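Structure at a glance
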Amino acid sequence: MNTISPMAYVHPEAQLGDNNVIGPFCYIDRNTVLGDNNTLLNSVTIHYGARIGNGNEFFPGASISTKPQDLKFRGEDSLCEIGDNNSIRENVTISRGTASKGTTIVGSNNLLMENMHVAHDCVLGNHLIIGNSTKFGGEVVVDDYAIISATCLIHQFCHVGGYVMFQGGSRTSMDIPPYIIAGKEPIRYAGINIIGLRRRGYSNEQIDQIHETYRILYSKGVMAEGIAEVRRVLPSTPEINYILDFVEKSKRGIIR
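Report follows, based on the coordinates. Residue positions are given per chain, counting from 1 as you read along its sequence in written order. Thresholds applied to this predicted model are a pLDDT of at least 70 for local features of residues and 80 or more for the giving and counting of side-chain atom pairs; totals over whole chains, interfaces and linings are not thresholded and use all residues. With hydrogens and water excluded, all non-hydrogen atoms of the structure serve as input to the side-chain values.

**Observations concerning helix 3 (residues 223-233)**
Relative accessibility under 20% of the residue-type maximum defines a buried residue, over 50% an exposed one, and the middle range a partly exposed one, all with a 1.4 Å probe and only protein chains included. Numbered from the N terminus, helices here are DSSP runs of H or I no shorter than four residues, and strands are runs of E no shorter than two. If you check which residues of helix 3 are buried, you get M223, G226, I227 and V230. Taken around the axis of helix 3, the buried residues stretch over an arc of 100°, which confines them to a single face. Opposite the buried face of helix 3, at more than 90 degrees from it, the exposed residues are A224 and R232. We call two residues in contact when some of their heavy atoms are within 4.5 Å. Residues of helix 3 that are buried make contact with helix 2 (204-219) and helix 4 (238-249). Working note: the arc is built from the helix axis to C-beta atom directions.

**Details of the nonpolar core**
Of all hydrophobic cores here, the largest spans 64 residues; its most connected members are I94 and F136. Going through the elements one at a time, strand 9 (50-52), strand 12 (79-82), strand 27 (180-183), helix 2, helix 3 and helix 4 are the ones with two or more residues in this core. For this core, the element with the highest residue contribution is helix 2, accounting for 6 residues. The contacts of I94, once residues within four sequence positions are left out, are S63, I64, S65, T66, C80, I82, I88, T104, V106, L112 and V118. What is meant by a nonpolar core is a set of buried Ala, Val, Leu, Ile, Met, Phe, Trp, Tyr and Cys residues, joined one to another through side-chain atoms within 4.5 Å.

**What about the pattern of salt bridges?**
Salt bridge criterion: a side-chain nitrogen from Lys or Arg within 4 Å of a carboxyl oxygen from Asp or Glu. By the definition in use, this model includes 8 salt bridges. Across the pair E185 and R171 runs a salt bridge, and its minimum N-O distance is 3.7 Å. Remark: R171 occurs in strand 26 (residues 171-172) and E185 occurs in the loop between strand 27 and strand 28 (188-192); sequence separation between them is 14 residues. E185 gets classed as exposed once you look at its relative accessible area, which sits at 52%.

**A word on the pairing of strand 15 (residues 103-106)**
At least two bridges found by DSSP between two strands are what make those strands a pair. One ladder, built from 4 bridges, connects strand 12 with strand 15; its direction is parallel. Paired with C80 across the strands is T104, a residue of strand 15. Taken together, the 2 bridges between strand 15 and strand 18 (residues 123-124) define a ladder with parallel strand orientation. Bridge assignment links V106 to a residue of strand 18, and that residue is L124.

**Some details on the packing of helix 2 against helix 3**
For the pair helix 2 and helix 3, interaxial distance at closest approach is 7 Å and the crossing angle is 145°. Note that helix 2 runs across helix 3; the crossing there is right-handed. Residues T213, I216 and L217 of helix 2 form the contact with helix 3, whose participating residues are M223, G226, I227, E229, V230 and V233. Here the residues of the contact of helix 2 with helix 3 are counted per class, giving 6 nonpolar, 2 polar and 1 charged. To obtain each axis, a line is fitted to C-alpha atoms, and for helices this fit is confined to the stretch in contact; angles are then taken between N-to-C directions over 0 to 180 degrees. By the definition used in this description, the sense in which the near helix is turned from the far one sets the handedness, with an anticlockwise turn below a right angle giving left-handed and a clockwise turn giving right-handed. Only Asp, Glu, Lys and Arg are considered charged in this grouping, and only Ala, Val, Leu, Ile, Met, Phe, Trp, Tyr, Cys and Pro are considered nonpolar; every other residue, Gly among them, is considered polar.

**What to know about the packing of aromatic side chains**
Each Phe, Tyr or Trp ring (for Trp, its six-membered ring) is paired with any other whose centre lies within 6.5 Å, and the angle between the two planes then decides the class: stacked below 30 degrees, edge-to-face above 60, tilted in between. Here the structure, examined in full by the defined rule, presents 9 aromatic pairs. Consider the rings of Y163 and Y202, whose centres lie 5.3 Å apart with planes at 75°: the pair is edge-to-face. Separated by 39 residues along the polypeptide, Y163 in the loop between strand 24 (159-160) and strand 25 (165-166) and Y202 in the loop between helix 1 (194-199) and helix 2 bring together distant segments of the chain. For the pair formed by Y163 and Y202, the shared burial category is buried. Ring geometry for Y214 versus Y218: centroids 5.9 Å apart, planes at 20°, classification stacked. Separated by 4 residues within a single helix, Y214 and Y218 lie in helix 2, roughly one turn from each other. The residues Y214 and Y218 share a single accessibility class, namely buried. Stacked on the ring of F59, the Lys or Arg R89 has its end atom at 3.8 Å from the ring centre. Comment: the charge-over-ring label is applied if NZ (Lys) or CZ (Arg) is within 6 Å of the ring centre and within 35 degrees of the ring normal.

Here it is in structure tokens:
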């Protein structure tokens, strides 16, 4: 049974699962789906096209599946998919997709802090921590277990690798490869995220191999030479393969 405040509005066509709590002054539009055990505190807006999983908590002022801030958007049907067990704090805004990809995706077990923005067609993974007032441009991709601190700016089309620590107040228009600390001004490689990796159970051997991979990559003037050298001298491991695959597929280039 859902608990819906008499001061909330739920469109008759909205699909709600079970055991949701809808607080006062919430607005849930048509063409929306909520799973089970979600909590919407007061003044949360769920717009057209939202697809929300289970066990999420939305704090006051959150606005989900908003119309994209993209002048190319022509009102096409699109979606905003939210996974499970996310904490979406005050005044977070998440746009729905456009004709480019059709869907904005936020995975599961993420903490999106106050006043941050996820633009159209972004794809966010799982177990992310995104700090206050950080902003993502359109079609940004963030892999699992990344930590992006407060007041960061991520340019459209950028890719942020997994297990990254992105320092507060930083900005980037290039890709951030996995397992590293990125910061300073202008943004650059600032070492391996050793503390984060140890917290996630990575061994000293794995961390050393990751460090050596980046030592080789960044020692070469031409990235292709570094990739070839890594493949020649280091073993093939999931971590090393992830780094090399990320670098080879980067469209915006990685930070140096």
